[in-house]
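Structure assessment
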Amino acid sequence: MAELGGLKTRFKCYPLMALKSFPFPEVIELASKYLAGFDVSNWNEYSNISVVNSNTDIFLSNPILEESIDKYLIRGCNLKILADSPHQLSFLQSCALTQYGVRLNAASILASAGLRDASFYSVSRFGMNPDEVVNYCRKNRNHDLKGIHLHHGSEKNTFLAYKTLAEVSAKLAKKAGISF
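Since this is a predicted model, take the numbers as computed values, not measurements. (Residues numbered from 1 in each chain as written. Predicted model: local features only at pLDDT ≥ 70, side-chain atom pairs only at ≥ 80, totals over all residues. Heavy atoms only, no water.)

A word on the environment of Glu3
Inclusion rule: The numbering of helices and of strands both runs from the N terminus, where a helix is a DSSP run of H or I of at least 4 residues and a strand a run of E of at least 2. Relative accessible area decides the class of each residue, using a 1.4 Å probe on protein chains only: under 20% of the type maximum gives buried, over 50% gives exposed, and in between gives partly exposed.
Mapping Glu3 onto the fold places it in helix H1 (residues 2-5). For Glu3, a relative accessible area of 70% gives the class exposed. Note: C-alpha distance between Glu3 and Tyr34 (31 residues apart in sequence) is 8.4 Å.

Some points on the pattern of salt bridges
How we decide: Here, a salt bridge means any Lys or Arg side-chain nitrogen found within 4 Å of an Asp or Glu carboxyl oxygen.
Counted under the stated rule, the structure contains four salt bridges. Two residues, Arg103 and Asp84, come together in a salt bridge whose shortest N-O distance is 3.7 Å. Taken together, the residues Arg103 in strand E5 (residues 100-104) and Asp84 in the loop between strand E4 (78-83) and helix H6 (86-94) connect sequence positions 19 residues apart. For the pair Arg103 and Asp84, a shared accessibility class is recorded, and that class is buried. Measuring nitrogen to oxygen at the nearest pair gives 2.8 Å for the salt bridge that ties Glu167 to Lys163. Taken as a pair, Glu167 and Lys163 lie in helix H9 (residues 159-176) at a separation of four residues, close to a single helical turn.

So, in structure tokens, the structure goes:
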């Protein structure tokens, strides 16, 4: 984790820990010490983080945003919410939050590129397809999106799948006017 944390200064990237991947107190403590923050999908995951401060990036990817956003903010983290739908984007834009992004649907991207993933999850209910994001951004010129979240949950990962997802994300960012 120390080596991953060093990527911040070397490459200006900010490694996060997906909390659901290894939710043990010792691991969370190490991630808090060395990494930029955490990716969480609900309040139960978030509440497992014992030390949260204003430097801790929390990326919340919750498809229904059922919990009050204020509950997350009260602990003083640097909250970034990842929207799963144009409806959520509209909601987030109407809140006084300044940091939110979009969650892309990896399964739809791979399918449209002709890459049928051998994954158990060949269809995902999470995230938007790139056209939905572009259409939203065209209708909402002041969208203020801060980034793109992409999760590829295949058990059979390939270089071509990751390359395709990265290329589509980069093109989408440019097309939608998202500055990373």
